Protein chains: 2
Amino acid sequence: MTRSPSPADDDVRMRGFTHRSTVEDARAWVDQHSSCLPEMELSLSEAAGRVLGQEIISEVNVPDFARSMMDGYAVRAEDTSGASPYNPLALEIHGEILPGQAPTTPVHTGTTVRIMTGAPLPEGADAVIPAEKVQETERDDQIQVLADVSPGKHVGQPGEDISVGEVVLPARRRLRPQDIGVLSSIGIGRLPVISTPRVRIVVTGDELLPAGTRPRDYQITDANSPMLSAMIQRDGGEVIFEGIVADQPDAIENALKEPADVILVSGGSSVGLEDHAPRILAELGTLSIHGIAIRPSSPTGMGLIGETPVFLLPGNPVSCLCAYDFFAGRAIRRLAGLSSDFPYPRCRMPLSRKLVSAIGRVDYARVAIHEGQVEPLAISGASILSSTTRASGFVIIDQDSEGMPAGTEVEVFLYDI
Amino acid sequence: MTRSPSPADDDVRMRGFTHRSTVEDARAWVDQHSSCLPEMELSLSEAAGRVLGQEIISEVNVPDFARSMMDGYAVRAEDTSGASPYNPLALEIHGEILPGQAPTTPVHTGTTVRIMTGAPLPEGADAVIPAEKVQETERDDQIQVLADVSPGKHVGQPGEDISVGEVVLPARRRLRPQDIGVLSSIGIGRLPVISTPRVRIVVTGDELLPAGTRPRDYQITDANSPMLSAMIQRDGGEVIFEGIVADQPDAIENALKEPADVILVSGGSSVGLEDHAPRILAELGTLSIHGIAIRPSSPTGMGLIGETPVFLLPGNPVSCLCAYDFFAGRAIRRLAGLSSDFPYPRCRMPLSRKLVSAIGRVDYARVAIHEGQVEPLAISGASILSSTTRASGFVIIDQDSEGMPAGTEVEVFLYDI
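Just so it is clear, the structure is predicted and the values come from calculations on it, not from any experiment. (Residues numbered from 1 in each chain as written. Chains lettered and ligands numbered in written order. Predicted model: local features only at pLDDT ≥ 70, side-chain atom pairs only at ≥ 80, totals over all residues.)

**Quick word on the overall build of chain A**
And step 1. The number of helices and strands found in chain A is eight helices and 28 strands.
And step 2. Over its C-alpha trace chain A gives a radius of gyration of 33 Å, far above what one expects of a compact globule, namely 22 Å for 417 residues.
And step 3. The contacts of chain A with a sequence gap of at least 6 include a subset with a gap of at least 24, amounting to 70%. (Helix = DSSP H or I, 4+ residues; strand = E, 2+ residues; numbered from the N terminus. Rg over C-alpha atoms; globule rule 2.2 N^0.38 Å. Contact = placed C-beta atoms within 7 Å.)

So this is what it looks like as structure tokens:
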């Protein structure tokens, strides 16, 4: 601040950065430096929502035996040929099979076995006749069959759900509840999933009070660490946060040397004298990108310490949120084996009024949805976090666009799932 | 099974139930018997994704003081009037203010104070002139102003993000990451959220092996309890599962008497002799609905024990999944304060081929999405859980519909978010 402004310096200060990378280039950098972490093993009950590390091939048939799909009688289908209420055919009952029990008595011509839903079909039988299609006789050990059945009728065949050798789920699948059910049905109790990225949050700023503290005495309360924590967890990461770091080069340097799969620095990311993080990152590793053509997150940086991606996020909370979702969250999602895309549902709706932007930068416009129309709320206002709680979602305005007139159908990313 | 089939009995057995409720009536019953649970208190770090119990009104301004939005100099705007590179105006530097510090020196006519981004504006100043718009002089304690600024320029006003008395978030809001940030910024460390519904899973079936066991000996492995557990957790509930319950009336009765906010019984929900749950529920409380006009979940029941909703879900896993999402999950979501709707994103796309249904029942059709078209996979096959892992999602065919021809645009509920 005490240096005299040279033309180049003036340019830095006026525009923030002498050169700003495009969003596309910054994302390409993210993709280059974030690939899926190795696998870990989890129990089935912990695996819902996790990403499968390897394809799962079944070693069993489901079911593994022919089973009855009805309460009724196991028969040889040919024995029922021509049966009707006017032509009942007698069969002798040779026992009963309950679900989970081994069938002991085979079915021969002229005989049948009582069978319950889910029970295995006995040897010799090839069909089940439902209870309501038979009539009992005066003898306990005999029924009259009142209808004919074809072979296989009311029988669940071995492997009809899943067969041995079948690929049940592909690698990189994010496990649905029913996937957990299918894995259970083939006897899998533990399985390989992609490891959880450990994400270190380094928040700097001497004006900051810890989350949960009422703001006072010309200080503001840290909104970024709790917000980032929630986003990291949503994106499959594990949060490491050890409290606000003093705006001192040594303190920031020490925090950046701690182990993590990804490091997020919030605050001090720009080009002012108090912005230590970019210089420290460049000293400890590389500062690959600093300054991105996106509003409101232009003072964003990224680089590597060893192989660990480090993201320098602006301290203004809207800038921080936007820079997280565009870049840091993308890296975390990729490390976790998830899709690189924004984790938000999308819809398309017309603009209620025009949305103005500037060529040369991407704009992150917070919008509300009212009566099927998209209403622009805010493009600027990097410090107004409440603009993102009032909004339904956001619209991204491409860097080649000057904006869109009212009525244009736009894609909205919805904050709520 | 040994009773002789009377016409009424035959009707029960052939169609499963003498009377089947409509999906609409069953959902109305669910809504009548599930309202939002009371509040509990959580810390901010636990609250992301939870549902807010009460509206939150701010007791503070954010920020609580006028602050600089730039690194520069705090000035009286009128002192810069007419300043330009050709008409520099001198101001005396009376100190410096850093973020988080109280301003000590006021600004008078002809003086200025160095100020950093985020620091409070000193008394007397009403604007900030950025560092690049001034030139230093040979004297350390003087600058030349090279541009004029209007009052308020580069100053963040008190309450510009949030003001005292403002409703920051409405009751019943599902908390977004940025909501957590906003709550932190107003000093909230603990907050009221809707309590977690405790959901008891009672799985019956003597043919079942515990989840994680390889199927053997004419038994199948329980797919429903792990699948239901994942869905319950997704829908904001806490799972209570104490192992598979024997197909014995006493064992089932005891399980139904245990405490819970919702009870899900899987298996034995139909009208066969081994289907004990409907009778036991009727004895312990009320069996309000039994049999619903929906495929593949027609043997679904629901009722109350005391005020606890009890859902009888079919044992076939696709039927179980569908009955959960239509009815039991709806109750859990409502108790948790969430939307009653399916927790799945939706899209609209044309059918690749016709989808056939029957008037008088709702159909839950598993579909795949290929090249922008919706391909029907399965409507029947209640036991084929793999049909729901191969599918992209499902289409609901209304009970008044016989199906839709190829090309019809249908709404798909997508299993993956």
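**Focus on the relation of the copies chain A and chain B**
And step 1. Mapping chain A onto chain B leaves a residual RMSD of 0.0 Å; the transformation is a rotation of 180° accompanied by 0.0 Å of translation along its axis. With respect to symmetry, the two chain copies, as superposed, fit the operation of a two-fold axis. Residues of chain A ranked by C-alpha distance from the rotation axis are headed by A:Pro345, positioned 3.4 Å from it.
And step 2. Mapped onto chain B, 100% of the interface residues of chain A are again interface residues, and the two copies thus contact each other with one and the same surface. (Least-squares fit on C-alpha atoms with pLDDT ≥ 70 in both.)

**Focus on helix H2 (residues 23–32) of chain B**
Every α-helix carries 3.6 residues per turn, so stepping three or four residues along brings you back to the same face.
Residues and elements named next belong to chain B.
And step 1. Along H2, the residues classified as buried are Val-23, Ala-26 and Val-30. Projection of H2 onto a plane perpendicular to its axis shows the buried side chains occupying an angular sector of 65°, all on one side. Opposite the buried face of H2, by more than 90 degrees, sit the exposed residues Glu-24 and Gln-32.
And step 2. Here the buried face of H2 lies against strand S18 (286–290), strand S19 (294–295), strand S20 (301–305), helix H7 (317–335) and strand S24 (362–370). (Buried ≥ 20, exposed ≤ 12 C-beta atoms within 10 Å, placed from the backbone. Arc of directions from axis to C-beta.)

**Some points on the sheet that holds strand S6 (residues 111–115) of chain A**
Residues and elements named next belong to chain A.
And step 1. In spatial order, the strands read S7-S4-S6-S5-S9-S8; together these six strands make up an open sheet with mixed pairing. Edge positions in the open sheet fall to strand S7 (127–130) and strand S8 (134–136), since each of these has one partner strand only. Between one strand axis and the next, the sheet turns by 40° as a mean value, whatever way the strands run.
And step 2. The pairing of S8 with strand S9 (residues 142–145) spans three bridges and is classified as antiparallel. Its bridge partner lying in S9, Glu-136 is registered against Ile-143. (Pairing = 2+ DSSP bridges. Axes fitted to C-alpha atoms, helices over the stretch in contact; angles between N-to-C directions.)

**Quick look at the domain arrangement of chain A**
And step 1. Once the domains are mapped, chain A shows domain 1 (7–37 + 195–335), domain 2 (39–62 + 173–194), domain 3 (67–156) and domain 4 (346–414).
And step 2. Between the C-alpha centres of domain 3 of chain A and domain 4 of chain A there is a distance of 67 Å. (Domains from an automatic or database assignment.)

**Points about the environment of B:Tyr86**
Residues and elements named next belong to chain B.
And step 1. Locating Tyr-86 in the fold gives a position in the loop between strand S4 (72–75) and strand S5 (89–97).
And step 2. The exposure class assigned to Tyr-86 is exposed, which follows from the 6 C-beta atoms found within 10 Å.
And step 3. Each C-alpha atom, one on Tyr-86 and one on Ser-184, is 47 Å from the other, the two residues being 98 residues apart in sequence.

**Details of unusual backbone geometry**
And step 1. At the junction of A:Val62 and A:Pro63, the peptide bond is cis and its omega measures out at -10° in the coordinates.
And step 2. Mapping A:Pro63 onto the fold places it in the loop between strand S2 (56–57) and strand S3 (67–68).
And step 3. Omega for the peptide link from B:Arg295 to B:Pro296 comes to 15°, which places this bond in the cis form.
And step 4. Phi is positive for A:His154, close to 60°, though the residue is something other than glycine.
And step 5. C-beta crowding within 10 Å serves as the criterion here: with 22 such atoms nearby, A:His154 is assigned to the buried category.
And step 6. Although it is not a glycine, B:Tyr218 sits at a positive phi angle of roughly 65°.
And step 7. By secondary structure assignment, the location of B:Tyr218 is in the loop between strand S14 (208–209) and strand S15 (220–221).
And step 8. Residue class for B:Tyr218 comes out buried when judged on the 20 C-beta atoms lying within 10 Å of it.

**Observations regarding the nonpolar core**
And step 1. Counting residues in each nonpolar core, the largest one holds 185 residues, and the members touching the most others are A:Val202, A:Leu264, A:Ala328, B:Val202, B:Leu264 and B:Ala328.
And step 2. Ignoring sequence-local partners within four residues, the contact set of A:Val202 consists of A:Val245, A:Ile252, A:Ala255, A:Leu256, A:Ile263, A:Leu264 and A:Val265. (Core = buried A, V, L, I, M, F, W, Y, C linked by C-beta atoms within 7 Å.)

**A look at the confidence of the model for chain A**
All names here are of chain A.
And step 1. For chain A, per-residue confidence averages 93 on the pLDDT scale, and residues scoring 70 or more make up 96% of the total.
And step 2. Throughout residues 1–15 the model reports pLDDT below 50, and contacts reaching past four residues in sequence, or to other chains, amount to 22 contacts.
And step 3. Taken together, the chains of this predicted complex give a pTM of 0.92 and an interface ipTM of 0.91. (pLDDT = per-residue confidence, 0-100.)

**A short note on the packing of helix H4 (residues 224–234) of chain B against H7(B)**
Residues and elements named next belong to chain B.
And step 1. Two elements in contact, H4 and H7, have axes whose closest approach is 11 Å; the angle formed by their N-to-C orientations is 30°. When the interaxial angle is binned, H4 and H7 end up roughly parallel. Both H4 and H7 take part in a crossing whose hand is right-handed. The residues of H7 that touch H4, namely those facing Asn-224, Met-227, Leu-228, Met-231 and Ile-232, are Pro-317, Cys-320, Leu-321, Tyr-324, Gly-329 and Ile-332.
And step 2. Of the residues that constitute the contact of H4 with H7, the class distribution is nine nonpolar, two polar and no charged. (Parallel < 35°, antiparallel > 145°, perpendicular 65-115°, else oblique. Left-handed = near helix turned anticlockwise from the far one by under 90°. Nonpolar A, V, L, I, M, F, W, Y, C, P; charged D, E, K, R; others polar.)

**A few points about the sheet that holds strand S6 (residues 111–115) of chain B**
Residues and elements named next belong to chain B.
And step 1. Read across the sheet, six strands follow the order S7-S4-S6-S5-S9-S8 without closing on themselves; strand pairing throughout is mixed. Edge positions in the open sheet fall to strand S7 (127–130) and strand S8 (134–136), since each of these has one partner strand only. Between one strand axis and the next, the sheet turns through 40° on average, direction left out of account.
And step 2. As defined by bridge partners, S4 adjoins S7 across four bridges and the pair is classed as antiparallel. Paired with Gly-72 across the strands is Pro-130, a residue of S7.

**Re the pairing of S9(A)**
And step 1. Only one face of S9(A) is buried, namely the one carrying A:Ile143 and A:Val145, since none of A:Gln142 and A:Gln144 on the opposite face is buried.
And step 2. Turn length for the S8(A)-S9(A) hairpin, with the two strands adjacent in sequence and antiparallel, is five residues.

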